[in-house]
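A structural walkthrough
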Amino acid sequence: MKRIFAALLPLLLLCGCAAKEYSTDFFAMDTFMSVKVLGKESEALAQDCERRINELERELSRTREESGVWLLNHANGKAVPITDREADVLAAALAISGQTGGLYDPTVAPLTDLWGVGTEYAHVPEQREIANALLQVGASKLHLSADGRQVQADGGAQLDLGGIAKGYAADECAAILRAADTSGLLTLGGNIYAVGTNHGEPWVIGIADPDESTDYIATVAVQDKSVVTSGDYERYFEQDGKRYHHIFDPRTGYPADNGLRSVTVIDENSTRADALTTALFVMGLDEGMAFCEQNGIAAVFVTADKQVITTPDVPNVCTFFFAGAEKGYTDAQ
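Residues numbered from 1 in each chain as written. Predicted model: local features only at pLDDT ≥ 70, side-chain atom pairs only at ≥ 80, totals over all residues. Heavy atoms only, no water.

Notes on the overall build of the chain
Across its full length, the chain holds 10 helices and 18 strands. Against the globule reference of 20 Å for 333 residues, the chain gives a C-alpha radius of gyration of 20 Å, in line with a compact fold. Counting the 333 residues in the chain, one finds 53% classified as buried. Residue pairs in contact within the chain that sit at least 24 positions apart in sequence constitute 61% of those at least 6 positions apart. Summed over its atoms, the accessible surface of the chain is roughly 14,500 Å², and 47% of this surface lies on carbon and sulfur atoms. Averaging the locations of the 26 positively and 48 negatively charged side chains of the chain gives two centres separated by 3 Å. (Helix = DSSP H or I, 4+ residues; strand = E, 2+ residues; numbered from the N terminus. Rg over C-alpha atoms; globule rule 2.2 N^0.38 Å. Buried < 20%, exposed > 50% of the residue type's maximum accessible area, 1.4 Å probe, protein only. Contact = heavy atoms within 4.5 Å. Areas by Shrake-Rupley, 256 points an atom, 1.4 Å probe, with all protein chains shown as cover. Lys, Arg positive; Asp, Glu negative; His and termini not counted. Charge placed at Lys NZ, Arg CZ, Asp CG, Glu CD.)

What to know about the pattern of salt bridges
Under the definition given, this model contains 21 salt bridges. The closest approach of N and O atoms between aspartate 48 and arginine 51, which form a salt bridge, is 2.3 Å. One end of the pair is aspartate 48 and the other is arginine 51, both in helix H2 (residues 42-60) and 3 residues apart, which spans about a single turn. Owing to a relative accessible area of 30%, aspartate 48 belongs among the partly exposed residues under this scheme. With its nearest N and O atoms 3.5 Å apart, the salt bridge here joins aspartate 211 to lysine 306. Of this pair, aspartate 211 sits in the loop between strand E9 (203-209) and strand E10 (212-222) while lysine 306 sits in the loop between strand E15 (298-303) and strand E16 (307-310), and the two are 95 residues apart along the sequence. On the basis of relative accessible area, lysine 306 is assigned to the partly exposed category, the value being 26%. When salt bridges that share partners are traced, they join Arg52, Glu55, Glu59, Arg85 and Glu172 into one network. (Salt bridge = Lys/Arg side-chain N within 4 Å of Asp/Glu carboxyl O.)

Here's the deal with the layout of surface pockets
Any empty space left between atoms is shown by rolling a water-sized probe over those atoms. Here the largest pocket defines a volume of roughly 920 Å³. Taken together, 34 residues form the lining of the largest pocket, with Asp160, Gly162, Gly163, Lys166 and Arg235 sitting closest to its centre. Residue assignment for the lining of the largest pocket shows that the elements contributing at least two residues are H2, helix H5 (109-115) and helix H7 (165-179). Sorting elements by how many residues they give to the lining of the largest pocket places H2 first, with 3 residues. (1 Å grid on protein atoms, 1.4 Å probe; cavity = no way out; pocket = protein on both sides within 12 Å on 5 of 7 lines; lining within 4 Å. Points joined across faces, edges and corners; volume = space filled by probe spheres on them.)

Shown next, in the form of structure tokens:
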């Protein structure tokens with residue numbers, strides 16, 4: 001699960017603007033969500049967004065029997081039909097997996113199930129169990145038909161779109177608000193989309209302190225951008241004095257262990273940002289920074305030794321403000 005929160009500045013809270021606004025809070029895609037819409041049609045548009053998210057959950061969840069993902073994971077290698085939206089999300093997942101050398105992988109479900117992070121069964125598996133699970137992991141095991149109407153999985157592969165579905169949902173809801181020429185803030189777990197402006201000002205989003213996730217160590221002021229964070233602090237367990245989180249390295253079968261605490265990506269495409277935060281976290285700081293510079297990605301890395309590092313593209317997409325000095329963090333741009 002990815003987590004970040006909106007930090008609205010006091011000036012914005014006290015603006016006294018007359019425009020109508022409406023917010024709805026609900027639970028979907030295994031996380032709490034909030035949709036805030038500004039303008040005269042705010043209530044209807046917020047409810048449209050909530051309905052769209054619930055529709056997408058039915059289509060993309062691997063635990064809902066009506067979804068193409070569930071059908072694929074229980075098809076024993078046979079091709080199954082999928083909807084246009086399921087095909088869109090899967091195509092995006094496969095493209096980003098290829099771009100990142102497989103470090104974002106939509107087939108890590110066997111590892112997720114084996115480790116059980118976030119459940120009462122969480123434990124460190126034996127090496128042979130991890131090796132067996134890795135035999136089922138790899139995006140190359142997924143085959144989307146040329147017309148996008150069917151998908152097939154080889155070698156016991158299990159599809160899990162949880163690392164990209166909330167980003168896709170944010171993009172879909174942002175499109176709903178843009179079509180109505182209105183503004184809003186979509187907070188879908190750790191996926192935030194700031195559509196338009198907050199009464200004429202940029203939306204100010206806080207990047208969480210990994211040691212105290214209800215507080216923040218930096219903010220980004222954005223307009224028509226998504227802000228997505230992956231961190232090691234949301235779902236984890238401890239065994240024999242060591243902490244294990246839910247972001248797996250598909251090369252090793254273990255949680256990524258490279259000195260990072262979180263990665264935030266700021267991008268107009270939330271689907272892409274959602275998957276990229278996972279891949280960049282697995283890459284680690286040096287490889288991740290190089291990847292971002294080569295591909296023009298705006299990202300913020302937070303390390304275990306409390307450094308906050310931004311990529312060169314961050315100033316091009318947002319106004320970044322460092323706020324972590326009192327908490328022992330260093331602005332290491």
